[in-house]
Amino acid sequence: MEKPRERWIGRDAGPIVRPYAVTRGRTRPRGLVVDLVTILVATGRTPGDRVWLSREQRRLLELCRRPSTPADLASETDLPFRVVQILLEDLHQYGLVEEMPQAEHGERPDRPDPRILMRVLDELRRL
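Residues numbered from 1 in each chain as written. Predicted model: local features only at pLDDT ≥ 70, side-chain atom pairs only at ≥ 80, totals over all residues. Heavy atoms only, no water.

Enquirer: Is there a simple way to explain the overall build of the protein in this structure?
Expert: For the protein, the helix and strand inventory stands at five helices and four strands. Each helix and strand of the protein, placed in order from N terminus to C terminus, yields the pattern β-β-α-β-α-α-α-β-α. Looking at the protein as a whole, 31% of its 127 residues are labelled buried. Sequence separation of at least 24 residues holds for 71% of the intrachain contacts in the protein that already meet a minimum separation of 6. In the structure as shown, the protein presents an accessible area of about 10,100 Å², 50% of it carried by carbon and sulfur atoms. (Helix = DSSP H or I, 4+ residues; strand = E, 2+ residues; numbered from the N terminus. Buried < 20%, exposed > 50% of the residue type's maximum accessible area, 1.4 Å probe, protein only. Contact = heavy atoms within 4.5 Å. Areas by Shrake-Rupley, 256 points an atom, 1.4 Å probe, with all protein chains shown as cover.)

Pasting the structure below:
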C-alpha cells in the first residue's frame, strides 16, 4: 500500500494544512462570537494542566498580550478569519483571553472619533 503524499505549495512553505484540521473539525464558533473589531486581551492566567494549546493558539495568546482585534490577529498569523474566531473562542473558554470592557453609552475610549476617520478617508480619496 502506497503512503499518501502530502500536498506542498513550495519548498519553503511546507505541506498544506486544511483549516478544519487546525480547528479540530469545527467550522463555526459555538459560544463567544467575535466580529472583526472586537478588542481582545490576554488575561494573564496560565492554562490548566489538562489544557492543550495548539501552536496557533499559543501564537494568538502571545499576540493578545497587547489588545488586538481578530482582524489584526488573522492578518498577523496568516490564518483565515473563521479559524481565528474558533481558536479565540477556545482561548476564551479556557479563561486565557477576554473582551476588553466597553465604556459607558456604547463608546470605546480606545477608538478614534468616527468623524475624524471619515475626514481621513475623504482626504485619502482626494489623493
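Enquirer: I tried to follow the side chain of Thr 77 on my own but got confused; where do I start?
Expert: Note that Thr 77 resides in helix 3 (residues 70-77). At 2.8 Å, the side chain of Thr 77 and the backbone oxygen of Leu 73 are in polar contact. Not counting residues up to four positions away in its chain, the partners in contact with Thr 77 are Arg 59, Leu 60, Leu 63 and Val 84. (Polar contact = N/O pair within 3.5 Å; in protein donor to acceptor, adjacent residues only side chain to side chain.)

Enquirer: How should the nonpolar core be read in this particular structure?
Expert: One broad trend across soluble globular proteins is that nonpolar side chains are buried collectively. If you look at the biggest cluster of nonpolar residues, it comprises 18 residues, and the most contacted ones within it are Leu 60, Leu 61, Cys 64, Leu 73, Val 84, Leu 88 and Leu 91. Among the elements of the structure, helix 2 (55-63), helix 3 and helix 4 (81-93) are those that each provide at least two residues to this core. Among the elements that line this core, the one with the most residues is helix 4, at five residues. Beyond its immediate stretch of four places on either side in the chain, Leu 61 contacts Ala 42, Leu 53, Leu 91, Leu 96 and Val 97. (Core = buried A, V, L, I, M, F, W, Y, C linked by side-chain atoms within 4.5 Å.)

Enquirer: Could you clarify how one ought to interpret helix 3 in this entry?
Expert: Given 3.6 residues to a turn, an α-helix orients residues that are three or four positions apart in the same direction. Buried residues of helix 3: Pro 70, Leu 73, Ala 74 and Thr 77, and no others. Buried residues along helix 3 cover an arc of 100° about the axis, so they all sit on one side. On the buried face of helix 3, the contacting elements are strand 3 (40-42), helix 2 and helix 4. Phi turns positive, to about 60°, at Asp 78, one or two residues after helix 3. (Arc of directions from axis to C-beta.)

Enquirer: Would you mind going over helix 4 with me for this structure?
Expert: Along its 13 residues, helix 4 runs 18 Å from first to last C-alpha, staying within 8% of the 18 Å computed at 1.5 Å per residue. When helix 4 is considered as a whole, its buried residues turn out to be Val 83, Val 84, Gln 85, Ile 86, Leu 87, Leu 88, Glu 89, Asp 90 and Leu 91. Just past helix 4, the residue Gly 95 takes up positive phi, approximately 80°. (Expected span 1.5 Å × (residues − 1).)

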